[in-house]
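Coordinates in review
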Amino acid sequence: MDVTLKIAFEDRDKAREMQLPERPRIQRISPVRLLLPPPLPALSPSTELSTTSFGDTQPEAVSPGTPEIANLKSKLDGTSIVSSEISFSQCLEQMDFPVKAITSSSLAPRRLWKRFKPFSWFRKRSKLEPDLLDEREFVYVTVYTECQPFENNLHGKMLYTIFKRFTGSPACLTKGNHWELIGFQGPDPTTDFRGAGLLALLCLVYFATESPFCNTVPSLFRQSLEPIHHFPFSLIGINLTTLLLQLMRQGHLNRLYNKQHSVLHTFMLLYSGLFYTFCKRWVEEKCTVLRTQEILRWLEKRCRRNPRWFLEINR
């Protein structure tokens, strides 16, 4: 046998003879179970609290439905809670404007034919009766009143009302994308009311609550949400308010106001007739957003020539 192999076998035998001590086995410790006490029973709102160590008085229990809890939730969540809607008549009762002496000459633009006396016979418009001047000034004051639905409680109820009437669901009075659903341009609807002020919001409230078409407003709003033939519902209403306001400043509606013996009520009836006519023609002709200005110009020409036609639509 080779010497090297003999030495290898001897080393193997010596290694077998040497018995190393066994390693101690690590015992697996079972996880400790954390025993929690049973949950305490919930206290009812009527449960009286025990006397504290800071005094002898006992604090009253507050139920979750109290206004204090509602205000706390609104501060934490950043939302405003509006519990009820408001109608057009209630808006007029709660409005308190200092009626200023605003002359029609400062509001209506001066035309070229007015500057020259030889052209005064060309188109003569009737003047408004003195009994209706205060009512016209009220309309002008609402135009120059800034709409602040997130700061003013009345304005917030008005904005909440149109959202609830259009969609059938409540809304939070905060800036968000839910206002774009009813036809505003962005998350802040106050930017769209700059052209006509509070009057535009007041017209939308009238159309949704007390107009002859108030029962058909949800169906008209659903038609504006179609994928192809959609249009911004609230923004169209604001543009129609601006359209009527321009005709009113130019004196085209004075004769109709005198015959109806009213300014605000006649203005709202014209508004509802214009809005319904716009929606009807939009659906019948299957228009797109590209034809919006075309229909608005057609409504303006027809209302300038024969505004009584839009009053008869409401009947």
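Residues numbered from 1 in each chain as written. Predicted model: local features only at pLDDT ≥ 70, side-chain atom pairs only at ≥ 80, totals over all residues. Heavy atoms only, no water.

Looking at an unreviewed UniProt entry, one finds the protein chain named ELMO domain-containing protein, with Opisthorchis felineus as its source organism.

As for the nonpolar core
Membership of the largest hydrophobic core comes to 72 residues, with the highest contact counts inside it found for Met158, Phe233, Met268 and Phe275. Every residue in contact with phenylalanine 275, bar those within four places of it in the chain, is listed here: Leu204, Phe207, Phe233, Ile236, Gly237 and Leu240. (Core = buried A, V, L, I, M, F, W, Y, C linked by side-chain atoms within 4.5 Å. Buried < 20%, exposed > 50% of the residue type's maximum accessible area, 1.4 Å probe, protein only. Contact = heavy atoms within 4.5 Å.)

Re the environment of histidine 252
Here histidine 252 is to be found in the loop between helix 10 (233-249) and helix 11 (254-260). Spatially, the C-alpha atom of histidine 252 lies 6.3 Å from that of arginine 304, the residues being 52 residues apart in sequence. (Helix = DSSP H or I, 4+ residues; strand = E, 2+ residues; numbered from the N terminus.)

Quick word on the pattern of salt bridges
Summed over the entire model, instances satisfying the criterion amount to eight salt bridges. A salt bridge links arginine 136 to glutamate 137; the nearest nitrogen and oxygen atoms lie 3.6 Å apart. Each member of the pair arginine 136 and glutamate 137 is classed as buried. With its nearest N and O atoms 3.7 Å apart, the salt bridge here joins aspartate 188 to lysine 175. Taken together, the residues span a long stretch of sequence, with aspartate 188 in the loop between helix 7 (153-167) and helix 8 (198-209) and lysine 175 in the loop between helix 7 and helix 8 at a distance of 13 residues. Among the ionic contacts, a cluster of salt bridges with common partners joins Arg281, Glu285, Arg291 and Glu294. (Salt bridge = Lys/Arg side-chain N within 4 Å of Asp/Glu carboxyl O.)

Re the packing of aromatic side chains
Under the counting rule described, the total for this entry stands at 16 aromatic pairs. Between phenylalanine 163 and tryptophan 179, the ring centres sit 5.4 Å apart and the planes meet at 80°, which makes this aromatic pair edge-to-face. You can see phenylalanine 163 sitting in helix 7 and its partner tryptophan 179 sitting in the loop between helix 7 and helix 8, a full 16 residues away along the chain. Given the relative accessible area of 4%, phenylalanine 163 is considered buried. A ring pair is formed by phenylalanine 166 and phenylalanine 221, whose centres lie 5.8 Å apart and whose planes are at 20°; its orientation type is stacked. Placement of the pair is phenylalanine 166 in helix 7 and phenylalanine 221 in helix 9 (residues 217-223), with a sequence separation of 55 residues. Judged on exposure class, the residue phenylalanine 166 and its partner phenylalanine 221 are both buried. Among the aromatic residues, those joined into a cluster by ring pairs are Phe166, Phe207, Phe221, Phe231, Phe233, Tyr271, Phe275, Phe278 and Trp282. (Phe/Tyr/Trp six-rings, centres within 6.5 Å; stacked < 30°, edge-to-face > 60°.)

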